[in-house]
Each structure stands twice: as C-alpha cells, then as structure tokens.
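Residue strings, one per chain:
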Amino acid sequence: MAWYARHARDLPWRHTTDPYRIWISEIMLQQTQVKTVLPRYLAWLDTFPTIESLAAASADDLLKAWEGLGYYRRARFIHQAAATIMEGFEGRFPRDFDDIVSLPGIGRSTAGAIASFCYGASTPVLDGNVKRVLKRWHGQPDASDKALWLLAQQAINISGKPGIWNQAMMELGASACSAKSPDCGACPVNAFCASAFQVEVSQERRKAVPVLDVHWRIDLHICPIKGIWLTQRPDAGIWGGLWTPPITELDAPPVEAPSHIHQLTHRRLHLYAYQCESEPVGAGHWVPSIEGYALPTGIHRLLEKEV
C-alpha cells in the first residue's frame, strides 16, 4: 500500500467514493484500456450526471454515449441496473454487497470493487490483473478461481484498508507485474513472491482463442436529399441494438477484397460495401445525419472509406 501511494496513476475515479461514478468506471474498464476509457468516462458523466438521468435516458442515447467502447451489452446492463436502482432502491445505489451483485451486469469482482472503494467493505477484487499477481505471488500458476478467491479474501481481511488494498493489487498487476513484461526489481513484494525473478511469461499465456471469419454484405442506400438508410441491429448478437446500413451475412467470401476488415475479440468481420440505387426495403428509415445515432466503429470506418 505504501508502494501504491507513491506509484498510483492519477485517475479521476480514484478521487471519489460516489458509488455511481465508481460503478461506471468499473464497467467501462472491463476489457477496455484506461486510455480509451478516460475521455468516455468524463463525457458520460457530463451526459448522465446521476443515476436518475441515466435511467430516464433512451436506449439509443445510452448506446451513443457508449460508442467506441465496444462490448455494447455492458451499456444495456447499465441501463437495466439504473432502472432497478430507481425502482427497487429508491434511486440510491445499494450499500449491501448482495444487493450490489444482484444488479444486472455486476459480478462478484465488480461488486467487490464498489463495496470496498465506496463503503470500506473487505470484499476482494479478482480481475485479470489480480489473478496474475496472486498466481505469481503464491507460485500457483494453475490455481482455480475458487482458490484465488480464497487467497484474495485472506489478504484483504488483514489489509486494514480494503479499498486501497484492492487498488494496489490492480495497479501492481497493471505495472510491475504485467502480463508481458514483469519487472520484479520494481515490485514491492519481490522478497515474499514465490515467482520473483523467475516468471516464465511464455508458459503463462493461455491458448489463443480461435477467431471466426465472418463475411457481411453492407448495402449502402445513400441519397443527397434523404441521407443514408439505417436499420437497427437485433439486441442479441454482434452490434446488438446499434444502427447500421442493411447487413446480409454471406455464405462464402466474394471474389473481390473486402471494403473494410474489423477485428472483434472472437470475430473478424469482412465488410463488403455495395452502393445501391434501388429503394431500400424492410425495417429502417432515412437519416439525414448519423450524428445522433450509435453506429459500430467498424461501420464508421467503412463509411469513411466509401462515402
């Protein structure tokens, strides 16, 4: 904790104990880098300064505010949780851990972060950084999540300052004990770490998750007067709830090269743009400007090339 006091990054969510702000930061930071989250977090709070304003917002406004962060399911969970807080907790973020973890989109680790940062509860965090620190510290590279939860709980119980302890563990995993380049010489607990100065990064890395190639035809109906024709994606599946030109999944890749390739975690989207002169059919509407609509980053990149 003394090391953390000297080396902690100056991040806006570390200057508050407001559970709403902590909650939003924790959800945004799931699978998204800090540098990407920073401007979106501040803009989000300008747009939705309270849980009440968040719950009252439309789904489209919420997704637009989330644009560029990816994993849009997180934004829909936030919206659902805000409604739950307004209806079930009189608009106040719950204090009890069991109530926090019952909210949509909040798991045990996120609930532990909120409860410890805001209310001083001895509830550990077990994100990817903390898991790695614990495995190395205890020399248990194959430890199960169940075993790691126990180790995390034992440590935080004697920390004296649970919120700072959780922050320090996450900061250590993001810096000196990083996944790719651990710096044991800069680690504050190297004298007690079973893996100090002998971390084998290559042996720690998990097997690569297969990436599936998907080929999509993107029909661009563009009119100088009406604008562009957009449809809303189904809530389930890739880009759920976002607005796009009509998309048709192709059984096989066309002969021509894709107009744009967009990489997701488990999918590689090959997008083939077709300029359409016929009138669009099916659900959708003409949009004079895409400014107020939440479009996936992949579609933004495609339109930059094609329009």
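For clarity, every value in this text was computed on a predicted model and none was experimentally measured.

A.B. asks: I'd like a description of the side chain of T231, backed by residues and values.
C.D. replies: By the element assignment, T231 lies in strand β2 (residues 227–232). Excluding residues within four positions of it along the chain, T231 makes contact with L242, W243, T244, P245, P246, A283 and G284.

A.B. asks: For the pattern of salt bridges, give the residues involved together with the corresponding values.
C.D. replies: Applying the stated rule across the entire model yields nine salt bridges. Note that R268 is salt-bridged to D213, the shortest N-O span being 2.7 Å. One end of the pair, R268, is in strand β6 (residues 267–276); the other, D213, is in strand β1 (residues 212–223), and 55 residues separate them in sequence. The closest approach of N and O atoms between R217 and D219, which form a salt bridge, is 2.5 Å. According to the relative accessible area criterion, D219 is buried, its value standing at 13%. Taken together, the shared-partner salt bridges in this structure form one network comprising R9, R14 and E171.

A.B. asks: Could you give me a rundown of the UniProt feature "domain: HhH-GPD" (unreviewed entry) in the protein chain, with the residues and numbers involved?
C.D. replies: The feature "domain: HhH-GPD" (unreviewed entry), as annotated in UniProt, sits at residues 28–175 in this numbering. In this annotation, residues 28–175 is assigned 66% helix and 0% strand; the end-to-end C-alpha distance for the span is 19 Å.

A.B. asks: With reference to specific residues and values, describe helix α8 (residues 108–119).
C.D. replies: The end-to-end C-alpha distance of α8, which contains 12 residues, comes to 16 Å, matching closely the 16 Å that a straight helix rising 1.5 Å per residue would cover. For α8, the tally of buried residues reaches 10 of 12 residues, placing the bulk of the element in the interior. Of all the positions in α8, only S109, T110, A111, G112, A113, I114, A115, S116, F117 and C118 are classed as buried. Positive backbone phi, at 70°, marks G120, one or two positions downstream of α8.

The rules behind each value
- Residues numbered from 1 in each chain as written.
- Predicted model: local features only at pLDDT ≥ 70, side-chain atom pairs only at ≥ 80, totals over all residues.
- Heavy atoms only, no water.
- Helix = DSSP H or I, 4+ residues; strand = E, 2+ residues; numbered from the N terminus.
- Contact = heavy atoms within 4.5 Å.
- Salt bridge = Lys/Arg side-chain N within 4 Å of Asp/Glu carboxyl O.
- Buried < 20%, exposed > 50% of the residue type's maximum accessible area, 1.4 Å probe, protein only.
- UniProt positions renumbered as here; feature names shortened; annotations may be inferred.
- Expected span 1.5 Å × (residues − 1).

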